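Here's the letter readout for the chains.
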Amino acid sequence: MRGTNGTQTRSQTGSQTGSGSDELIFFVNGKKIIERNADPEMTLLTYLRRKLGLTGTKLGCAEGGCGACTVMLSRYQTHTQQLLHHAVNACLAPVCSLHLVAVTTVEGIGSVARKLHPVQERIARAHGSQCGFCTPGIVMSMYALLRNNPTPKMADVEEAFHGNLCRCTGYRPILEGYKTFTVEGGCCGGGGRGGGCCMANGNEAETSSEEDADEASSLFNAADFAPFDPTQEVIFPPELMSLTKGQRSASLCFRGDRAVWLQPHSLDEFLRLKWEHPDARVVVGNTEVGIEVKFKNMVYPVILAPAFIPELNAVTHTEAGIVFGAACTLSHMGAVLKQAVETLPPHQTEVFLAVLEQLRWFAGLQIRNVAAVGGNIMTASPISDLNPVFMAAGCKLTLIDKDGRRVVQMDDMFFTGYRRTSLRPQEVLLSIEIPYSTKTQFVSAFKQSPRREDDISTVTAAMSVTFTPGTDVVEDLKLSYGGMAATTVLAKKTANRLLGRRWGEELLQEACTSLAEEMTLDPSVPGGMVSYRRTLTLSLFYKFYLTVLQKLRQQGVNVEEVGADCLSATEIYRPETPSSVQVYQAVPKDRSPDDVVGRPMMHLSALKQATGEAVYCDDVPLYENELYLALVTSSKAHANILSIDTSAAECMPGVVCCVFADDIPGSNATGPIEYDETVFAHRQVTCVGHVIGAVVADTQLHAQRAAKAVRIQYEELQPVVTIQEAIATQSFYQPIRTLEMGDLEAGFKQADHILEGEMHMGGQEHFYLETNVTLAVPRGEDGEMELFVSTQAASKTQSLVAKVLGVPANRVVVRVKRMGGGFGGKESRTTILSTVVAVAANKLKRPVRCMLDRDEDMLITGGRHPFYGKYKVGFLNSGKVVALDVSYYSNTGNSMDLSLSVLERALLHMENSYSIANVRGRGFLCRTNLPSNTAFRGFGGPQGMMVAENWMSDVAQSLGRPAEEVRRLNLYVEGESTPFRQILDQFTLERCWDECLSRSRYQERRAAIDLYNRKNRWTKRGLAIVPTKFGISFTAAFLNQAGALVHIYTDGSVLLTHGGTEMGQGLHTKMIQVAGRVLGIPCSKIHISETSTNTVPNSSPTAASASSDLNGAAVQKACETLLKRLEPYKTKNPKGSWENWVTAAYFDRVSLSANGFYRTPDLGYDFETNSGRAFNYFSYGVACSEVEVDCLTGAHKNLSTTIVMDVGHSLNPAIDIGQVEGGFMQGLGLFTLEELHYSPQGVLLTRGPGSYKIPAFGDIPTQLTVSLLRDAPNDKAIFASKAVGEPPLFLAASVFFAIKDAISAARAESGISGPFRLDSPASAERIRNACCDRFTKLCPPAEPGTYTPWSVQV
Ligand SMILES: Cc1cc2nc3c(=O)[nH]c(=O)nc-3n(C[C@H](O)[C@H](O)[C@H](O)COP(=O)(O)OP(=O)(O)OC[C@H]3O[C@@H](n4cnc5c(N)ncnc54)[C@H](O)[C@@H]3O)c2cc1C
Ligand code: FES
Ligand code: FES
């Protein structure tokens, strides 16, 4: 191998003789990096975080699915002399692939200390950052977009975010903030685009009408934003440009522990290397190989990286079509095809359009920017989205090896088995030719996945038909499906049968019958959803059939006309940019500007979060002698441990020791309430993911590799996995709870109708963007240990760590700066990890750290309890419910954890907002072999209320009455009593209901929907309005207490500490607002550093929505004490400043430190006697949602949602609206999208964002209105406010019932009426299966019990 200047390159010698590595040169934030030991297996993310200490870029999943790790890569393309900027996932980018690349991270574009970039500032000021863990990634996606296109449209912004997830905000504020950069955005960034600049005009607190002069509808003021000037961006390093020009044809070799990276500079060299190393793995984008190495434990000793070889990147226009080099990225291919579509005659571009349609929903932009077309083909995945199009279109592939090239047709001979192709070992894919279509050819592509954005297909398809010119006679037909076999397949039999036939109803019928026969699936097939997938093959063909009919008619061919009612089935989904309204009551105009209570103040960490300066637990710099820990967990749901063999693990590089139960100096027994768990499983395991031991090593990689090498022998025992299995075997924890009021028997006698039903609600993964993490640092004396933990429960962590270490609690300090989301998932289950890390740190007397990988976190830590509800409801002809008997079964898992309280809250919400005279609820805790389920926003309330809304909708449906009338009829009124005998006072629900009806224009909408549904057969719209009443307080009375500690320093600055933790919900911001008001000083003088057990002891977990109430009151008391102490100095010097008074008090030897304590009065409900107050008060809300369902695919669109929420006098409307929207979107995930799949053996199959889908940007309702109920002071909480964290989540049930309403309309078309069972979530599969029609009839489900399903409903 020779360089262009004729000199021999070092890499050639390296690759042949096995000597050292080349230098890897790249730039990070303008700084040159020369790496002489680049490890081919190291990702850019690890390099940034661990080697460069750039911790702004976050790790959320390590699989390209969350976008938290987004950075921008820039390179100079010599042949076009262009600078290319791309957003990419640092978690998948091999550091070796970065030679001569400029990396820009969030730290590189701005900082709070230096200067903020507008992209950072606007997301923060628009309230688009709550926990902030997703924020740097979102900032970088937006930044990369603006580098390429300084004046984007909203559609560009939405596309840029296809690969980013946020679990907190509900996305609306992020879009709103970034809208200001767009042409539609209303803000020109100071540039004065059409109609002047809002920065000059200002738009704060717009009032919505003259009567409501204090009604505000803007949460931020764009006039406060710094202008955006694209000319001021960081320049591409000039040195890098000259290096690029000079070294463009260098070959490279990098060697690591287990792999060598060979980067050939020419095609010849590539082919020679492939010849020498036929087993070498070719890597281009690494989006597939990266996953294999990380999650499938694959080791590829030789990696060939041909990404920069010109022939593999070439795009050539030929007579037959366009030829793309195999290393062309999907983004590049998309751009070329788009241009071709714009310039070529339409009949030539049918295939191109089909490819573009698939690319629209292919992964996120970060993946498309690096993933190559060749990588997609060669992965040979059965659910590839492009391969069906390539196959249906008859694309040609050029394969090449050292001896020559051959061209093959991409047909069913090419894919020879699951992820196998007909390529020979020494061959590689050179290029693909995508053909032009002909005048009589029509092509369509379809992708159906649980979520539209960035999701794997359930079924993906492409269809191509060619007609005899001027006729509707089929000359050629290719029907290609993915997701229906181990490879992409052609439905050849069906296609052959239809050749020569005319395109009409008869052909359709035959096609469907034939496809139903040909596209079969084993009922146990991986991925499940068997009937649904089979039905989809027919439904998608039907869509194609209708589309082609239309096109034939447009060409003047005499075919039947597509009925107007069927047209919507042919429409291609185009997302609409969401619009939103937020309404809240502005503070009185005469209020002091220093008093920020009630104002939409920005989250106080938001700016730091947007710049990456905010420090999360794993961002704490490494201690010099720090070690890393990886867990060893059970692979069996229920088994005796026969032996544990650590010999292989202990010999592995970097390993320091293994840790097991024997290393515990204190007690192995643990658990948040009952000590019914062990820190390390001892003899028996009771769930997959049960912690058995741990391995400690010098690095994360070494620890994780060694943990996988620990061998455990099991004796398997029969597991109990599902609720139904637990019921059958009576596997319950005690107690069984009952809550009863009235006379049930009399109630049922009085009823005109009695109806019975049941429903199952799936669980939910918290999916906090930051996984669990603990860093334990032994202090070296008296058994002291300091722990940095991402936990909602600092004191509980302290006590359980002390217990396992056998030391008094006063030796353990737990510190929490902030969490990257919690949602209940970090209330008790965090101690699974912290106790283990503490034991290891204690054993080794060295700092030990562990941050769980996403898959581990999902496997081990449990989530929201799945519930099964069974009910019998008695009601009058009017719809008035008079009797209810309901039983709840929760899948509790392998320990009690907080499950009894969760179940109790479900029972305390079993009637939701409805008054029922005679009621009995029973609750059962199912003991199963799943990881213990735990707290999750709503804490059982949503499950309790969901079953209630289900019987309420059944009642309406069975009577044929409008559901909203029946709901309204049954609503509580002021002064009525709940089944737990709590009188409802200050009852604002009716006001919320009426406002929601009018704001949503309910009746108008209903009429429009009915009309729409009459006019459309295959898309149906639905509408539902749902109330919520949520009890505020911990149901365990003792937890309703809080403490605060306030120090005033002599310079007047205030350090505030309280018992609550910050997880994005804005608690610290609200507490500073409270302290500011009480002390009468601006918030800028007050600081909260962290939550710690040595400042405020015995704190309750930050949970139950009550933290502002409890801690706010404690802060108020502490501040009042201090204020009282300062009073004499104020009186003495009334014109003096705060600093004067503080100094005077100090010199007078007055203590400037005080604590405050608060306990909620008069609480203490007793289930045994059904007496005592359960809740301090209730939060109320109502939501109305409209959806549109595609009856053929089961997909749905969230068209509109209107929420009216009573949050009392809001402490901070921006934060409260953020909680309403974020909670609502999390509920939307729970009720319509998120599905955890477990195998019948209790193995969690969905362990990351690739398979578990939380709502994405595109799931926001197109119109979203949130109104905080005005004039609703609450006399039971701080400054008349109300709790808001959990209550809004349930309002997403309005979407579920709107979907059910739409399905009812679809079923009516098939003559089916009356109540029907729809379990939660209303996934696309469930929706499609419920919309019974001619296609579903052809694909009936297999008889249960005759096969072992891939997953079971737990
Ligand atoms: C988050 C995420 C989302 C995704 N979404 C989708 C999706 O929506 N639809 C979909 O279809 N796929 C999806 N994928 C899969 C993946 O992105 C694609 O398969 C991608 O095109 C692979 O390209 P790559 O360059 O990254 O491949 P790499 O990982 O670099 O390589 C993949 C395979 O192809 C082989 N290979 C690559 N080039 C050649 C060549 N020239 N000759 C011979 N072998 C070669 C490699 O050896 C390897 O086996 C997704 C992946 C991720 C991580
Ligand atoms: S961490 Fe990279 S995409 Fe999630
Ligand atoms: S703010 Fe987006 S994940 Fe928390």
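All figures in this text were calculated on a predicted structure; none of them were measured in a lab. Along each chain, the written sequence defines residue order, and numbers are assigned to residues from 1. Numbering of ligands from 1 and lettering of chains from A proceed in the order in which they are written. Local features in this predicted model are restricted to residues whose pLDDT is 70 or higher, and side-chain atom pairs enter the listing and the counts only when it is 80 or higher, whereas totals over whole chains, interfaces and linings include all residues. Just so you know, side-chain values use all the structure's heavy atoms and leave hydrogens and water out.

Engineer: I keep staring at the overall build of the chain and nothing clicks. Help me out?
Structural biologist: Counting its secondary structure elements, the chain contains 40 helices and 48 strands. Two things to know: the radius of gyration comes from C-alpha atoms, and the globule rule equals 2.2 Å times the number of residues to the power 0.38. For the chain, whose C-alpha radius of gyration is 31 Å, the value lies close to the compact-globule estimate of 34 Å for 1354 residues. If one aligns the C-alpha atoms of the chain with their principal axes, the spans along those axes are about 90 × 75 × 75 Å. Note on classification: 1.4 Å probe, protein chains only; a residue is buried when its accessible area is under 20% of the maximum for its type, exposed when over 50%, partly exposed between these limits. The burial tally for the chain puts 64% of its 1354 residues in the buried class. Put simply, 77% of the contacts in the chain that link residues at least 6 apart link residues at least 24 apart. Approximately 47200 Å² of the chain is accessible, and the part contributed by carbon and sulfur atoms is 51%. The distance from the centre of the 129 positive side-chain charges to the centre of the 141 negative ones in the chain is 2 Å. Put simply, DSSP marks the helices as runs of H or I at least four residues long and the strands as runs of E at least two long, and each gets a number from the N terminus on. We call two residues in contact whenever any of their non-hydrogen atoms come within 4.5 Å of each other. Shrake-Rupley sampling with a 1.4 Å probe provides the accessible areas, and residues are treated as covered by the protein chains on show and by no other component. Positive charges come from Lys and Arg, negative ones from Asp and Glu, while His and the chain ends are left out of the count. In this description, the location of a charge corresponds to atom NZ of lysine, CZ of arginine, CG of aspartate or CD of glutamate.

Engineer: How do you make sense of the packing of aromatic side chains when you look at a structure like this?
Structural biologist: Centres within 6.5 Å are what make two rings of Phe, Tyr or Trp a pair, Trp counting through its six-membered ring; a difference in plane orientation under 30 degrees is then read as stacked, over 60 as edge-to-face, and the rest as tilted. Under the definition given, this model contains 39 aromatic pairs. On the numbers, 5.3 Å between centres and 45 degrees between planes, the contact of Phe 732 with Phe 924 is tilted. On the criterion of sequence distance, the pair formed by Phe 732 in strand E31 (residues 732-741) and Phe 924 in strand E39 (residues 918-927) is long-range, its members being 192 residues apart. Residue classification places Phe 924 among the buried positions, given a relative accessible area of 11%. Ring centres of Phe 980 and Phe 1175 lie 5.7 Å apart, and the angle between their planes is 80 degrees; on these two criteria the pair is classed as edge-to-face.

Engineer: Sorry if this is basic, but what is going on with unusual backbone geometry here?
Structural biologist: Residues other than glycine predominantly adopt negative phi, and peptide bonds predominantly adopt the trans conformation. Omega for the bond connecting Gln 734 with Pro 735 falls within 30 degrees of zero, at 0 degrees, which places this linkage in the cis form. Secondary-structure assignment places Pro 735 in strand E31. The omega torsion across Ser 1320 and Pro 1321 is 5 degrees, close enough to zero to call that bond cis. One can find Pro 1321 in the loop between helix H38 (1293-1309) and helix H39 (1324-1330). Its identity is not glycine, yet Asn 286 carries a phi of approximately 65 degrees, on the positive side. Taking relative accessible area as the criterion, Asn 286 reaches 13% and is therefore assigned buried. We note that Asn 297 has phi near 55 degrees; this positive angle belongs to a residue other than glycine. Examined against the element boundaries, Asn 297 turns out to sit in the loop between helix H11 (289-295) and strand E10 (302-304). With relative accessibility at 46%, the residue Asn 297 sits in the partly exposed group.

Engineer: In this structure, what is going on with the confidence of the model for the chain? I would like to understand it.
Structural biologist: Keep in mind that low pLDDT regions are not for reading the predicted coordinates in detail. Confidence scores labelled pLDDT are given residue by residue by the predictor and lie between 0 and 100. Overall, the prediction assigns the chain a mean pLDDT of 94, with 96% of residues at 70 or greater. Low pLDDT, under 50, characterises residues 1-17; the predicted model gives this stretch 31 contacts beyond four residues in sequence or across chains. Overall, residues 187-211 carries pLDDT values under 50, and its contacts beyond four positions in sequence, including any with other chains, amount to 47 contacts.

Engineer: Could you clarify how one ought to interpret the sheet that holds strand E30 (residues 711-716) in this entry?
Structural biologist: Strand pairing in a sheet is mediated by backbone hydrogen bonds. Such pairs are either parallel or antiparallel. Only strands joined by at least two bridges in the DSSP assignment are considered to pair. Within the open sheet, the three strands sit side by side as E28-E24-E30. Their pairing is antiparallel. Each end of this open sheet is capped by a strand with a single partner; those strands are strand E28 (684-685) and E30. Two elements, strand E24 (residues 639-645) and E30, share six bridges in a ladder whose sense is antiparallel. Residue pairing for E30: Ser 643 is matched across the bridge by Gln 713.

Engineer: Sorry if this is basic, but what is going on with the pattern of salt bridges here?
Structural biologist: Where charged atoms from two side chains of opposite charge approach closely, those side chains can pair. Every case where a carboxyl oxygen of Asp or Glu lies within 4 Å of a side-chain nitrogen of Lys or Arg is listed as a salt bridge. Tallied over the entire structure, the rule returns 74 salt bridges. Taking the shortest distance from any N to any O, the salt bridge between Lys 551 and Glu 350 comes out at 3.1 Å. Separated by 201 residues along the polypeptide, Lys 551 in helix H20 (residues 530-554) and Glu 350 in helix H14 (residues 350-360) bring together distant segments of the chain. For Lys 551, a relative accessible area of 22% gives the class partly exposed. With a relative accessible area of 11%, Glu 350 lands in the buried category. The network of salt bridges with common partners includes Arg 49, Arg 50, Lys 58, Asp 618, Asp 619, Glu 626 and Arg 849.

Engineer: Would you take a moment to explain the packing of helix H30 (residues 941-959) against helix H31 (residues 963-970) for this structure?
Structural biologist: Helix packing for two helices is described by the angle between their axes and how far apart those axes are. The axes are straight lines fitted to the C-alpha atoms, using for helices just the contacting stretch, and the angles between their N-to-C directions are given from 0 to 180°. Direction vectors running N to C along H30 and H31 enclose 120 degrees, while the axes themselves pass 9 Å from each other. By the angle class used here, H30 and H31 are oblique. Once H30 is placed against H31, the crossing between them reads as right-handed. Together, Glu 949, Met 952, Ser 953, Val 955 and Ala 956 of H30 and Ala 963, Val 966, Arg 967 and Asn 970 of H31 make up the contact between the two elements. Residue composition of the contact of H30 with H31, grouped by class: five nonpolar, two polar and two charged. Orientation categories follow fixed angle ranges, with anything under 35 degrees roughly parallel, anything over 145 roughly antiparallel, 65 to 115 roughly perpendicular, and all other angles oblique. In a left-handed crossing the near helix is turned counterclockwise from the far helix by less than a right angle, and in a right-handed crossing that turn is clockwise. Each residue gets one label: Ala, Val, Leu, Ile, Met, Phe, Trp, Tyr, Cys and Pro are nonpolar, Asp, Glu, Lys and Arg are charged, and the others, such as Gly, are polar.

Engineer: Is there a simple way to think about the site of ligand 1 in this case?
Structural biologist: Here, proximity means that at least one heavy atom of the residue falls within 4 Å of the molecule or strand. By nearness alone, 31 residues border ligand 1, and Val 282, Val 284, Gly 285, Thr 287 and Asp 385 come closest of all. What qualifies as a polar contact is a pair of N or O atoms within 3.5 Å, subject to a donor-acceptor requirement within protein and to the restriction that residues adjacent in sequence count only when both atoms come from side chains. One of the backbone N or O atoms of Asn 286 is found 2.9 Å from an oxygen atom in ligand 1. Within the side chain of Asn 376, one N or O atom sits 3.0 Å away from an oxygen atom of ligand 1. Of the residues in the shell around ligand 1, the class split is 16 nonpolar, eight polar and seven charged.

Engineer: Sorry if this is basic, but what is going on with helix H26 (residues 794-805) here?
Structural biologist: Because each turn of an α-helix spans 3.6 residues, side chains separated by three or four positions in sequence point in the same direction. A helix is expected to reach a length of 1.5 Å times the quantity of its residues less one. For H26, built from twelve residues, the straight-helix expectation of 16 Å at 1.5 Å per residue is met to within 8% by its first-to-last C-alpha distance of 16 Å. Here H26 lies mainly inside the structure; nine of its twelve residues are buried. Check the buried side of H26 and you find it contacts strand E26 (669-670), strand E34 (785-789), strand E35 (812-816) and helix H27 (830-844). One or two steps after H26, the chain reaches Gly 806, where phi turns positive at roughly 70 degrees.

Engineer: Please clarify how the environment of Phe 442 should be interpreted in this entry.
Structural biologist: Relative to the elements of secondary structure, Phe 442 occurs in strand E18 (residues 441-448). Sequence separation between Phe 442 and Tyr 532 is 90 residues; the distance between their C-alpha atoms is 26 Å. Setting aside residues up to four positions removed in sequence, Phe 442 forms contacts with Glu 350, Met 463, Ser 464, Val 465, Phe 467, Phe 544, Val 548, Lys 551, Leu 552 and Gln 555.

Engineer: Could you clarify how one ought to interpret the side chain of Thr 1093 in this entry?
Structural biologist: Topologically, Thr 1093 is positioned in the loop between strand E44 (1091-1092) and helix H35 (1107-1132). Here Thr 1093 falls in the buried class, since its relative accessible area comes to 6%. Only 2.9 Å separates the side chain of Thr 1093 from the backbone nitrogen of Val 814, close enough to count as a polar contact. Apart from the residues within four sequence positions on either side, Thr 1093 is in contact with Ala 794, Ser 795, Gln 798, Val 812, Val 813 and Val 814.

Engineer: Sorry, what's going on with the pairing of strand E47 (residues 1196-1206) here?
Structural biologist: The side chains of a regular strand alternate between both faces of the sheet. Among the eleven residues of E47, ten are classified as buried, and the element is accordingly described as predominantly covered. By the bridge criterion, ten bridges tie strand E46 (residues 1177-1190) to E47 in an arrangement that is antiparallel. By the bridge assignment, Cys 1184 is partnered in E47 with Thr 1202. Between the end of E46 and the start of E47, which pair antiparallel, lie five residues, with Gly 1194 showing a positive phi angle near 85 degrees. Where E47 and strand E48 (residues 1263-1268) come together, six bridges link them in parallel fashion. Bridge pairing links Ser 1200 to Gln 1263 in E48.

Engineer: Where do I start with the packing of H35 against helix H36 (residues 1138-1147) in this structure?
Structural biologist: The interhelical angle for the contact between H35 and H36, taken along N-to-C directions, is 115 degrees, at an axis separation of 9 Å. In terms of orientation, H35 and H36 fall into the roughly perpendicular class. Our pair here, H35 against H36, has a crossing hand that is right-handed. Counting all contacts with H35, which are made through Leu 1126, Tyr 1129 and Lys 1130, the residues of H36 involved are Trp 1138, Trp 1141, Val 1142, Ala 1144 and Ala 1145. Partitioning the contact of H35 with H36 into residue classes produces seven nonpolar, no polar and one charged.

Engineer: It is not clear to me how the state of the cysteines should be interpreted in this structure. Could you clarify?
Structural biologist: Here a disulfide denotes a covalent bond joining the sulfur atom of one cysteine to the sulfur atom of another. Cysteine sulfur atoms are paired as a disulfide whenever they come within 2.5 Å of each other. The full count for this structure, using the stated rule, is zero disulfides. Distance from the sulfur of Cys 96, which forms no disulfide, to the nearest cysteine sulfur (Cys 253) is 9.3 Å.

Engineer: How do you make sense of the environment of Val 530 when you look at a structure like this?
Structural biologist: With respect to the helices, strands and loops of the structure, Val 530 is situated in helix H20. Of the residues examined, Val 530 reaches a relative accessible area of 18% and is grouped as buried. Taking the C-alpha atoms as reference points, Val 530 and Arg 711, separated by 181 residues in sequence, lie 36 Å from one another. For Val 530, the residues in contact, after removing those within four places along its chain, are Leu 521, Asp 522, Pro 523 and Val 525.

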